[in-house]
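# Remarks on the overall topology
The lines below spell out each chain.
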Amino acid sequence: MLQLNVKNETSRLRAVVLGSAVNNGPTPTADEAYDPKSLEHILVGTYPVEEDMVKEMEAFHAVLQKYDVKVFRPEMIENYNQIFTRDIGFVIDDIFIKANILPDRERELNAIQYVIDQIDPKKVVRPPEEVHIEGGDVMLWNDYIFIGTYKGSDYKDYITARTNMHGVNYIKALFPNKMVKEFDLVKSKIEARDNALHLDCCFQPVGTDKGIIYKSGFREEADYMFLVNLFGKENLFHITRDEMYNMNSNVFSIAPDVVVSERNFTRLNTWLRENGFTVEEIPYAEIAKQEGLLRCSTLPLIRD
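Here is a short report on the structure shown in this document. (Residues numbered from 1 in each chain as written. Predicted model: local features only at pLDDT ≥ 70, side-chain atom pairs only at ≥ 80, totals over all residues. Heavy atoms only, no water.)

### With respect to the pairing of strand S8 (residues 179-184)
Extensive coverage of S8 is indicated by the burial of five of its six residues. Across six bridges, strand S7 (residues 144-149) lies against S8 in parallel orientation. Bridged to Gly 148 within S8 is Phe 183. (Buried < 20%, exposed > 50% of the residue type's maximum accessible area, 1.4 Å probe, protein only. Helix = DSSP H or I, 4+ residues; strand = E, 2+ residues; numbered from the N terminus. Pairing = 2+ DSSP bridges.)

Written out as structure tokens, the structure reads:
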């Protein structure tokens, strides 16, 4: 049995589900796009091709193997995008929570059922139907659970609004001993530079006391200030609108001092190294065109 344990974003990783780009299917039509960034690339003919995405994911896999991480991959669904495992489930402490994702992505959960079967059934939960919550919006920081949401009255009109307040309240009830803090995120159906699809598109902790943040990803300045006060402004790396668009906050920590990052994130990677991190740089710019990056491609199961 897998003894799940995830309490934060950066402790030494031992086991993870990494997505797959194999047999990814044809380029979606504009009507099939889940987010404005994918739509942008579909319309101009620069949507990523399978061969390039497979190479990028294998580079990520190789880094995880280098650090002796146990890597699970989803079973292949023909002609189907299975890159972003973070959307379909997530672990808090020793509980595996199945996400209530967009209905036509339910098959992705079935493709990792063989992993879920290795978990104590009492530790696997499925929220009720009215609860919308995706792993990209759920961020663990020891005693805190940070959750991205969208509080606009037009929530139901936004395919980019992925976690609702029912989701926040569900997690509060499930983990009464944690401090659950929600963040109201900026959403756009048409401009990817103004769309924080998930919380990890505009914030992520690194190390033991630092973080990457995009101030304009938060609808309320008070939410941004909460993180500034918690981490200290000097410990936060502020990214620009273009860096947010390129997913600079969506890196992935293998250990408190080891971060996997995209090789083109020059300014961020320099800052990380200046602050004592080992930066494992890999190519991931093609996958980034789907408004997801390294954190989105992973579902951590066990950390120290």
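Having seen it, we continue.
### Thoughts on the pattern of salt bridges
Side chains that differ in charge, positive against negative, can pair when their charged atoms come close. According to the stated counting rule, one finds 20 salt bridges in the structure shown. For Asp 223, the salt bridge is made with Lys 181, and the minimal N-O distance between the two is 3.0 Å. Of this pair, Asp 223 sits in helix H6 (residues 221-231) while Lys 181 sits in strand S8, and the two are 42 residues apart along the sequence. For Glu 286, the salt bridge goes to Lys 289, with nearest N and O atoms at 3.0 Å. A relative accessible area of 16% places Lys 289 in the buried class. One network of salt bridges, in which partners are shared, links Lys 7, Asp 93 and Lys 178. (Salt bridge = Lys/Arg side-chain N within 4 Å of Asp/Glu carboxyl O.)

### A closer look at the nonpolar core
The nonpolar side chains of soluble globular proteins are, as a tendency, buried together. If you look at the biggest cluster of nonpolar residues, it comprises 60 residues, and the most contacted ones within it are Phe 60, Leu 64, Phe 146, Leu 199, Phe 203, Phe 218 and Ile 254. With five residues, the single largest contributor to this core is helix H2 (residues 50-66). Judged by nonpolar contacts, the second largest core, of 36 residues, contains Val 17, Val 91, Ala 99 and Val 124. (Core = buried A, V, L, I, M, F, W, Y, C linked by side-chain atoms within 4.5 Å.)

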